[in-house]
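So the chains spell out like this:
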Amino acid sequence: MFHVEQLILTMYPNYDVIVVGAGHAGCEAANAAAKMGSKVLLITMNMNTIAQMSCNPAMGGVAKGQIVREIDALGGMSGIISDKSMIQFRMLNKSKGPAMWSPRTQNDRMRFAEEWRLALEANPNVDFWQEMVTGIIVEDNRAVGVTTGMGIEFRSKSVILTSGTFLNGVIHIGEKQFGGGRTGEGASKGITEQLVTLGFEAGRMKTGTPPRVDGRSLDYSKMEEQAGDTEPEKFSFSSITSTLKEQRSCYITYTNPDVHETLEKGFDKSPMFNGRIQGIGPRYCPSIEDKINRFAERNRHQIFVEPEGWNTVEIYVNGFSTSLPEDIQYEAMRKIPGFENVKMFRPGYAIEYDYFPPTQLDNTLETRLVHNLYFAGQINGTTGYEEAACQGLIAGINAHQKINEQDAFTLTRSEAYIGVLIDDLINKGTDEPYRMFTSRAEHRILLRQDNADIRLTSKGHAIGLTTDERFNQMKDRLNQIQKLLNDLNQKKVDPATVNPLLNKLNTAEIQHRTTFTKLIKRPQINITDLSHINEETADYLSKYDKTVMEGADIHIKYEDYIDKETKLAQRIAELDQLAIKDSLDFTSITALSSEAKEKLNKIKPKTIGQASRISGVSPADISVLMVYMGK
């Protein structure tokens, strides 16, 4: 008879990449490496929770929507999966400038997970194994596989850790606490302890989730309806997915002083306030008890009532994340308008878990201490599906590239929000769950959601992740935008022809013949408005689809800002071309500040540009460094 290990080796030979964890980061990592040609083993503690939406059933949002579009443009799957499972689409911040527009979908939780699993199973380069990983096999300072709880060894050329909230996870509900990485699922043991012995620094973080309730027990007449867009879009630039023909509404209600008073009765049993939770929680997604404690002057807080899918009655109570005792949660919810007769499916809870400060990583997400070992997702201190997914994508790409002796794949801060996120993490680190915002990107007018394909699809195509079809589709859209821009700059219109429209749009009449481009520069006029000038113009514009006209419109209106940001990004990029030798000992440069020496030696920046973005390194330190290097 075969020994168990021999049988496993027969079934599962050596791999190119092993991905530990099948959340959003793990799925993108496995998909990317496998699409590029690597043989991948995806190991998860539960095959039934692949791509589980552990918290809210939604993708995208402010800055996060830009990340999903970027993942899609590079050849990742999050945008396509979101489109296939969405039940509502909204473009947020439309009242602001285009740099702030952010797509968001409400999703069917079960369908989202199913679509991800089907996508992974359709790739012959992806194998699966269900079990807990308890350690990384490290030989000659290189990750060469993993060990499991049953003592099985799987060998590989690289390992990607995407452990989410499972590393020594502890769930808190009031005074109750128990091990787990998610409700109903056990924590992962052994990996943190091993990595610490290898010299890694570890820490603790905290996140939480709200109760889930029975939608049949709610009175929606007491709430504000929040419908989807009347002309919904989608995430993916591909033709694989389509826009929604019908949508499910969300609803908005509010807490009140009675709700707050009831919640405060449980504060003495709250693990947040009595010291049982040591990890730092997300600043921008606080629990309801944290809100009423920190913002005591407010007599109400917004609650979003979000359906979990097309055909389920389960409701996600967004804005009511809590770790208070379940009886307090229930009593307080019943005082929210529309929730008077609420039935609770399960209470909210907080969870603490291990993470590893991301300053221990290179910009490929490979660890500095162990070669061919990559971290992606919440293990790096981030929060959110989108932040995790883009890290998984970058880790999967780079694991494949490195073992095939190809160039590393990285994105700069002026190329993508993904580049901003990774640059922030590895240079500044984080001691609280990191969340992406548009304000974190200094070049956000360049990093719009509408041009993600133009920015990134050629890069994904160059490494074999994006298909020829997608690449040609992007080139065709870009050519159409350029043609439309040229035509609009050439076409002119007489005052008598256009002034009636200008009056209707409350903008000044023209006195002389002028180009369409000059008209569109006015904030009151969009390209689509020009179709009302005459039948000839309407026929001409009808040849272009909405995305082409929107792209041209944004370029015309914001051309000066775009040019200014492009030039600034080019100047900053010059600093990223000034390489720093790996052997440089920063402590030997006496003119550097003590803090700069410490931070530079710890992070070991590869360029002057990277050094300039490290927290604690001042412009004066950069000047000293450049003088020292003779630059």
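Residues numbered from 1 in each chain as written. Predicted model: local features only at pLDDT ≥ 70, side-chain atom pairs only at ≥ 80, totals over all residues. Heavy atoms only, no water.

A.B. asks: Would you mind going over the overall build of the chain with me for this structure?
C.D. replies: Of regular secondary structure, the chain possesses 21 helices and 22 strands. The C-alpha atoms of the chain give a radius of gyration of 26 Å, which matches the 25 Å a tight globule of 631 residues would have. Across the 631 residues in the chain, those meeting the buried criterion constitute 58%. If you take every contact in the chain between residues at least 6 apart in sequence, the share linking residues at least 24 apart comes to 72%. Approximately 26500 Å² of the chain is accessible, and the part contributed by carbon and sulfur atoms is 49%. Each charge sign in the chain was given a centre, from 73 positive and 81 negative side chains, and these centres are 3 Å apart. (Helix = DSSP H or I, 4+ residues; strand = E, 2+ residues; numbered from the N terminus. Rg over C-alpha atoms; globule rule 2.2 N^0.38 Å. Buried < 20%, exposed > 50% of the residue type's maximum accessible area, 1.4 Å probe, protein only. Contact = heavy atoms within 4.5 Å. Areas by Shrake-Rupley, 256 points an atom, 1.4 Å probe, with all protein chains shown as cover. Lys, Arg positive; Asp, Glu negative; His and termini not counted. Charge placed at Lys NZ, Arg CZ, Asp CG, Glu CD.)

A.B. asks: For this particular structure, what's the right way to read the sheet that holds strand β5 (residues 102–107)?
C.D. replies: Paired through backbone hydrogen bonds, the strands of a sheet run either parallel or antiparallel to each other. Spatially, the three strands line up as an open sheet ordered β3-β5-β4, and their pairing is antiparallel. Of all the strands in the sheet, just β3 (58–60) and β4 (86–92) have a single pairing partner and so form its edges. Across this sheet, the average inter-strand angle for adjacent strands is 15°, counted without regard to direction. Examined bridge by bridge, β4 and β5 share six bridges and lie antiparallel to one another. Across the sheet, residue M86 finds its bridge partner in β5, namely N107. (Pairing = 2+ DSSP bridges. Axes fitted to C-alpha atoms, helices over the stretch in contact; angles between N-to-C directions.)

A.B. asks: Can you help me understand the nonpolar core in this one?
C.D. replies: As a rule of thumb, nonpolar side chains are buried together in soluble globular proteins. Of all hydrophobic cores here, the largest spans 95 residues; its most connected members are V146, I160, L161, L373, F375 and I418. At 10 residues, the largest contribution of residues to this core is made by helix α10 (residues 385–403). Setting aside anything within four residues of it in sequence, one finds V146 in contact with I18, V20, I43, V133, G135, I136, I137, I152, E153, F154 and V159. L488, L541, Y544 and I556 belong to the second largest nonpolar core, which has 23 residues in total. (Core = buried A, V, L, I, M, F, W, Y, C linked by side-chain atoms within 4.5 Å.)

A.B. asks: Quick question: what am I supposed to make of helix α11 (residues 417–428) here?
C.D. replies: Owing to its 3.6 residues per turn, the α-helix brings residues three or four apart onto one side. Between the first and last C-alpha of α11 there are 16 Å, a value that for 12 residues agrees with the 16 Å anticipated at 1.5 Å per step. α11 sits mainly inside the fold: 11 of its 12 residues count as buried. Restricting attention to buried positions, one finds in α11 the residues Y417, I418, G419, V420, L421, I422, D423, D424, L425, I426 and N427. Buried residues along α11 sit in contact with α3 (64–74), α10, α19 (594–603) and α20 (608–612). Positive phi appears at G429, one or two residues downstream of α11, with a value of about 70°. (Expected span 1.5 Å × (residues − 1).)

A.B. asks: What am I meant to see in unusual backbone geometry here?
C.D. replies: Most peptide bonds take the trans configuration, and most residues that are not glycine carry a negative phi. The phi torsion at N93 lies on the positive side, around 65°, for a residue other than glycine. Relative to the elements of secondary structure, N93 occurs in the loop between β4 and β5. Of note, K604 is a non-glycine position whose phi angle comes to about 55°, a positive value. Relative to the elements of secondary structure, K604 occurs in the loop between α19 and α20.

A.B. asks: Explain the packing of helix α2 (residues 24–35) against α10 here, please?
C.D. replies: Each packed pair of helices is defined by two parameters, the angle between the axes and the distance between the axes. Two elements in contact, α2 and α10, have axes whose closest approach is 7 Å; the angle formed by their N-to-C orientations is 30°. The angle between α2 and α10 places the two elements in the roughly parallel class. Viewed along their axes, α2 and α10 form a crossing whose handedness is right-handed. Taken together, the residues of α10 that come into contact with α2 (itself represented by H24, A25, E28, A29, A32 and A33) are Y385, A388, A389, G392, L393, G396, I397 and H400. Per-class residue counts for the contact of α2 with α10 are nine nonpolar, four polar and one charged. (Parallel < 35°, antiparallel > 145°, perpendicular 65-115°, else oblique. Left-handed = near helix turned anticlockwise from the far one by under 90°. Nonpolar A, V, L, I, M, F, W, Y, C, P; charged D, E, K, R; others polar.)

A.B. asks: Would you take a moment to explain the pattern of salt bridges for this structure?
C.D. replies: Close approach of charged atoms allows side chains with opposite charge to pair. Taken as a whole and judged by the stated rule, the model has 37 salt bridges. A salt bridge links R470 to D72; the shortest N-O distance between them is 2.7 Å. Of the two residues, R470 sits in helix α13 (residues 468–490) while D72 sits in helix α3, which places them 398 residues apart along the sequence. You can call D72 buried: its relative accessible area is 0%. The closest approach of N and O atoms between K428 and D424, which form a salt bridge, is 3.5 Å. One end of the pair, K428, and the other, D424, are both in helix α11, four residues apart, so they sit about a helical turn from each other. Accessibility expressed as a relative area gives 6% for D424, which makes it buried. Shared partners join several salt bridges into a network, and the residues in it are R413, D423, D424, K428, E442, D576 and R613. (Salt bridge = Lys/Arg side-chain N within 4 Å of Asp/Glu carboxyl O.)

A.B. asks: I keep staring at the side chain of K597 and nothing clicks. Help me out?
C.D. replies: Summarising the element assignment, K597 is placed in helix α19. The side chain of K597 is buried and forms no salt bridge, while D621, the nearest opposite charge, is found at 8.9 Å. Setting aside chain neighbours within four positions, we find K597 in contact with F586, T587, I589, T590 and L592.

A.B. asks: Is there a simple way to explain the packing of aromatic side chains in this structure?
C.D. replies: For any pair of aromatic rings, the description rests on two quantities: the centre-to-centre distance and the angle between the ring planes. Going through the model one piece at a time under the given rule, you end up with eight aromatic pairs. Aromatic side chains F89 and F235 sit 6.4 Å apart centroid to centroid with 75° between the ring planes, which places their arrangement in the edge-to-face category. Here F235 lies in the loop between β14 (224–226) and β15 (250–254) and F89 lies in strand β4, a separation of 146 residues in the sequence. Residue class for F89 comes out buried when judged on its relative accessible area of 0%. A residue is classified by how much of its surface remains accessible, and F235, at 0% relative accessible area, is buried. Pairwise contacts between aromatic rings join F200, F356 and F375 into one cluster. Above the plane of the ring of Y254 lies R300, whose end atom (NZ or CZ) is 3.7 Å from the centre. A cation over an aromatic ring shows up here: R440 above the ring of Y434, its NZ or CZ 4.2 Å from the ring centre. (Phe/Tyr/Trp six-rings, centres within 6.5 Å; stacked < 30°, edge-to-face > 60°. Lys NZ or Arg CZ within 6 Å of the ring centre and 35° of its normal.)

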